[in-house]
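Chain by chain, the residues:
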Amino acid sequence: MHYPAWYVPFLTSPMLIAIIAILHVLVSHYAVGGGLFLAVETRYAYRTNNKEYLAYLKDHAWFFILVTVVYGAITGVGIWWTIGLASPLATETLIHTFVFGWAMEYVFFVLEIVSAFIFFYYWGRLDPKVHQAMAWIYAFSAWMSLVLITGITAFMLNPGAWPETKNFWLGFFNPQFVPQVIARTGGALLLSSLYVYLHASFRVKDATLRDLIASRSTLPALVGAVFVTLGGLGWYIFLPESAKAALAAASSLNIFMVLIFALTITVFVMLYLGPLRHPNWVSPGFALLLFGIGLTVFSAGEFVREAVRKPYIIYNVVYSNQILPEEVATLRERGYLEGGTWTSAWVRARYPNVTQSEQIDESKLLTLAEPDQRELGKVLFQYHCSSCHATTEGYSAVAQLLRGWTPEMIKNLVQNPEKFHFFMPPWAGTPEEAELLTKYLVSITPPRPGGMK
Amino acid sequence: MTMNPTELIGPPSPLGYPAPYWFLVTFKVLGFTLHMGPMHLWFAGILLAMILMKWGGTEAQRWSTRLMRQMPVIIALGINFGIVPLLFTQVAYYRVFYPATILMAWPWFSIIVLLTFAYYGVYIYVTGLKDGAKLTTLKRAAGWGSAILFVAISFLFSNGFSLMTHLSAWPQLWQETSVAGAPLGTALNTSDPTLWPRWLMMFGLALTTVAAYTVFDAGVFARRESAGYQRWAANFALKLHTVGLIWFAVMGLWYLSTWPADARDQMLSSPLIVLTALTALGPGLPWLLILSQRRQITQRLAMLTGLAQFGVLALNAISRQVLQNIELSRFLDVTAEPVNLQLSPLIVFLALFVIGLGVVVWMVGKVWQAERQPA
């Protein structure tokens, strides 16, 4: 509303955030857990003077850098890129609230990059103690990055007392902070072990060394799985009531939760039977399967985490359609088209006959020709609804959702979306604008499917 | 239909700036200065490295190999340093940054994809430079691909940041590329008269940075290289810097001629004329330092050359910032927003910044020691 709404046909622009975010977390957790793995295991290899293991760790460090420093870093920036395009008002709010949180994270990010490169490129050229110190600097910095970014992302789900106080620390140490830090730390440990199994199964030919790697990575994986479970429970306990309700109400989320539950048990069983009891089972096929299941659990978990926030992007602070809750009453009075920076400019430029003294005259909107009314209804849809709905085809396409509805039913929904579905933001326009949106929706709504009794 | 671009600027954030404007802009400019160094090395450096590897002599190929072997680290640092100006741009310039990038959302978004390919392309190329490895056709193609992608990325960046201040282009771009008022995000700011000279001027400056870095590398990192290489590097750097200077001057004059009249008046009259003159003449200092080393590069002068080039980049970044604010002042006063100072987070950040810097210095010190040890 304050910003132009980026129209991404079929997918909707916020879905791009979800895609990039999922692609990122699958690596960013490895960037944390893998760092700890390298620090702990390098220390072990030096202490036991295991040259073969050291050689493997160097090989793994190269893989680690290729995956995390390139892909991980770029997709991390990519999330930022995408949220600014798809949810600018929420991004504006987050940046103005947490710029110093991000700046702190940046300090650790610099430390990560520098220590990671020195750790790898100066392998064998540094004193072993200094070399290990580099690994520990990396591991600590990466974990601190996780902690700092989790404070901000957890804020979006439950900002605690921030809306009343606007206090940085109250926002950062929100009710979701500790559970999510525990869950993400566990996720980092678990996921990094899966990466290690995968890498070692392809790269290590010596069975003894492969067994050693498999068995040494199992404890962090199991500890990680326990952390994920505990953190997940905490996450659920500290969810806002609406998020818990969304979790129970949305069938797609039900399916994802069952999937997460079932696949997590599968991972536990595979870890126990495989690397823990029979390290020699960790073949490329086994490792790939375990890795694939692990990534699926993570992806589903991230999707659920994003989805339960509805109708907010930042709970009680910014609605998913880029409106601040405190703006709704004014917009209902003044009109959404007039209240929006870009919508008002559009109407003034295209329909000067409905403006008076540079203001949109709401009473004239319904005097426009029918095609113009539908066109303005489409403008309202783009700005008010397209954050969550495609039009006729695609993600949560509104035409498919309304198939067979009567105009009266549609109008009732337009005027009271939050009463039909609590996870929808409220209508933020005048009755005349509701009429325009209704006309547009009616024009794209297909009839009830034929052949039904 | 006519539209006043000022209508398209949304209201200020009710949260206000978390720190005074001067603090935000200082970090923005500092971050951009740090970002420019590595960015120049991939913008012009990779292209030169590819050309010299294909058509250059032995020493030229040696130079190309040296630069490309360092490139993965250079890129990582460049991306990293780029985060700072982007962060502070979003704090202080959000009201124009978000709309401009949304209007060209797909090209802007594509930077992430292009960068991923470009970065991996460099890694693929570098695997062919390892001892005993071979630069296969695929690896060479990856290197050329990266060089082209980095040039494309720089163009998209220039496009985004020039559109941020070129508000008068917004209404038309928006209306041409939107569906019911919602931008498709397919616009590009190619009609902006400042775009091409601005982008090309940056390329000229990038050539001078590559030249300065060649001297810095030869004097500091490449001391084990042969005397022949050292001589070649000095000669090459001088030629390259001279070409870069001429390019920078020509494009700079073109760029200046495209400025809006009020911006030109302010930048060319007291007191800003001093800044403009320093920015224009600044590249002469590293050129003189490179000239003085044309027979032999010394470690001390090489370090001074690097420092002088850093100063040139800093001047450029400051001038750009001043000009950006002048261009925007017709639509928006970015210094006028209220400040809700977040003092304790700011102090924690500054404390971490100092500690972090200390740790980096310690780590680099260890590397320096390792470098001093016999191979």
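Keep in mind that what you see is a predicted model, and the values were worked out from it rather than measured. (Residues numbered from 1 in each chain as written. Chains lettered and ligands numbered in written order. Predicted model: local features only at pLDDT ≥ 70, side-chain atom pairs only at ≥ 80, totals over all residues. Heavy atoms only, no water.)

K.L.:
What's the story with the environment of Arg403 of chain A in this structure? I'm lost.
P.N.:
Residue and element names in this part refer to chain A. Of note, Arg403 is situated in the loop between helix 17 (398-401) and helix 18 (407-415). Each C-alpha atom, one on Arg403 and one on Ala86, is 27 Å from the other, the two residues being 317 residues apart in sequence. Once residues within four sequence positions are removed from consideration, Arg403 is found in contact with Thr445, Pro446, Pro447, Arg448 and Pro449. Side chain to side chain, Arg403 and Gln400 meet in a polar contact 3.0 Å long. (Helix = DSSP H or I, 4+ residues; strand = E, 2+ residues; numbered from the N terminus. Contact = heavy atoms within 4.5 Å. Polar contact = N/O pair within 3.5 Å; in protein donor to acceptor, adjacent residues only side chain to side chain.)

K.L.:
So what exactly am I meant to see when it comes to the interface of chain A and chain B here?
P.N.:
The parts lose accessible area when they come together, and the size of an interface is often stated as this lost area. If you look at the interface, chain A gives 72 residues, while chain B gives 78 residues. When chain A packs against chain B, close to 6,900 Å² is buried across both sides, 78% of that on carbon and sulfur atoms. The largest contributions to the chain A side of the interface with chain B come from Trp81, His96 and Phe100 of chain A, which together make up 13% of the buried area. The interface formed by chain A and chain B contains two salt bridges. The salt bridge involving Arg125 of chain A is made with Glu371 of chain B; its shortest N-O contact spans 3.4 Å. Our count for the chain A to chain B interface comes out at 15 residue pairs in polar contact (both at pLDDT 80 or more). Among the secondary structure elements, those contributing two or more residues to the side of chain A that touches chain B are helix 1 (13-47), helix 2 (51-86), helix 3 (88-121), helix 4 (128-157), helix 6 (168-172), helix 14 (341-350) and helix 16 (370-384) of chain A. By residue number, the principal contributor to the side of chain A that touches chain B is helix 3 of chain A, which donates 24 residues. Looking at side-chain class alone, the side of chain A that touches chain B contains 54 nonpolar, eleven polar and seven charged residues. (Buried area = accessible area lost by both parts, 1.4 Å probe. Salt bridge = Lys/Arg side-chain N within 4 Å of Asp/Glu carboxyl O. Nonpolar A, V, L, I, M, F, W, Y, C, P; charged D, E, K, R; others polar.)

K.L.:
Sorry, what's going on with the packing of helix 3 of chain A against helix 4 of chain A here?
P.N.:
Between two packed helices, what matters for the description is the angle formed by their axes and the separation of those axes. Residues and elements named next belong to chain A. It is the contact of helix 3 with helix 4, at a shortest axis distance of 8 Å, that shows an interaxial angle of 160 degrees. As the angle between them shows, helix 3 and helix 4 are arranged roughly antiparallel. Crossing angle aside, the handedness with which helix 3 passes helix 4 is left-handed. (Axes fitted to C-alpha atoms, helices over the stretch in contact; angles between N-to-C directions. Parallel < 35°, antiparallel > 145°, perpendicular 65-115°, else oblique. Left-handed = near helix turned anticlockwise from the far one by under 90°.)

K.L.:
Would you mind showing me how to read empty space enclosed by the protein here?
P.N.:
Rolling a probe over the atoms, with the probe sized like a water molecule, indicates the empty space that remains. Tallying each qualifying case throughout the model produces seven cavities of 30 Å³ or more. Of the volumes computed, that of the second largest cavity is approximately 760 Å³. Along the wall of the second largest cavity there are 35 residues; nearest its centre are Phe32, His35, Met39, Phe157 and Phe161 of chain B. Contributions of two or more residues to the lining of the second largest cavity are made by helix 2 of chain A together with helix 1 (21-55), helix 2 (58-92), helix 4 (105-127), helix 5 (137-165), helix 7 (195-221) and helix 12 (299-328) of chain B. Taken together, the residues of the lining of the second largest cavity break down into 23 nonpolar, eight polar and four charged. (1 Å grid on protein atoms, 1.4 Å probe; cavity = no way out; pocket = protein on both sides within 12 Å on 5 of 7 lines; lining within 4 Å. Points joined across faces, edges and corners; volume = space filled by probe spheres on them.)

K.L.:
So what exactly am I meant to see when it comes to the nonpolar core here?
P.N.:
General note: in soluble globular proteins, nonpolar side chains tend to be found buried as a group. Counting 297 residues, the largest nonpolar core has Tyr56 and Leu441 of chain A together with Tyr119 of chain B as the members making the most contacts within it. Among the elements that take part in this core, helix 3 of chain A stands out by supplying 23 residues, more than any other. Ignoring any residue separated from it by four or fewer positions in sequence, one finds Tyr56 of chain A in contact with Phe37, Val196, His199, Ala200, Val204, Leu209 and Ile213 of chain A. (Core = buried A, V, L, I, M, F, W, Y, C linked by side-chain atoms within 4.5 Å. Buried < 20%, exposed > 50% of the residue type's maximum accessible area, 1.4 Å probe, protein only.)

K.L.:
Help me understand the pattern of salt bridges in this model?
P.N.:
Pairing is possible between side chains of opposite charge, provided their charged atoms come close. Summed over all chains, the structure comprises 18 salt bridges over all chains. For Asp59 of chain A, the salt bridge goes to Arg203 of chain A, with nearest N and O atoms at 2.8 Å. Remark: Arg203 of chain A occurs in helix 7 (residues 177-203) and Asp59 of chain A occurs in helix 2; sequence separation between them is 144 residues. Looking at Asp59 of chain A, the relative accessible area reads 22%, which means it is partly exposed. Residues Glu7 of chain B and Arg348 of chain A are paired through a salt bridge, measuring 3.1 Å at the closest nitrogen-oxygen approach. One end of the pair, Glu7 of chain B, is in the segment before helix 1; the other, Arg348 of chain A, is in helix 14, on a second chain. One salt-bridge network, held together by shared partners, links Arg184, Glu302, Arg305, Glu306 and Arg309 of chain A.

K.L.:
Can you walk me through the packing of aromatic side chains in this structure?
P.N.:
Aromatic ring pairs are reported here in terms of the distance separating the ring centres and the angle at which the planes meet. All names here are of chain A. Going through the model one piece at a time under the given rule, you end up with 70 aromatic pairs over all chains. Their ring planes at 45 degrees and their centres at 5.1 Å tell us that Phe256 and Phe303 sit as a pair that is tilted. Here the residue Phe256 occupies a position in helix 10 (residues 251-277), and Phe303 occupies one in helix 11 (residues 284-307), the gap between them amounting to 47 residues. The class for Phe256 is partly exposed, based on a relative accessible area of 26%. Owing to a relative accessible area of 17%, Phe303 belongs among the buried residues under this scheme. (Phe/Tyr/Trp six-rings, centres within 6.5 Å; stacked < 30°, edge-to-face > 60°.)

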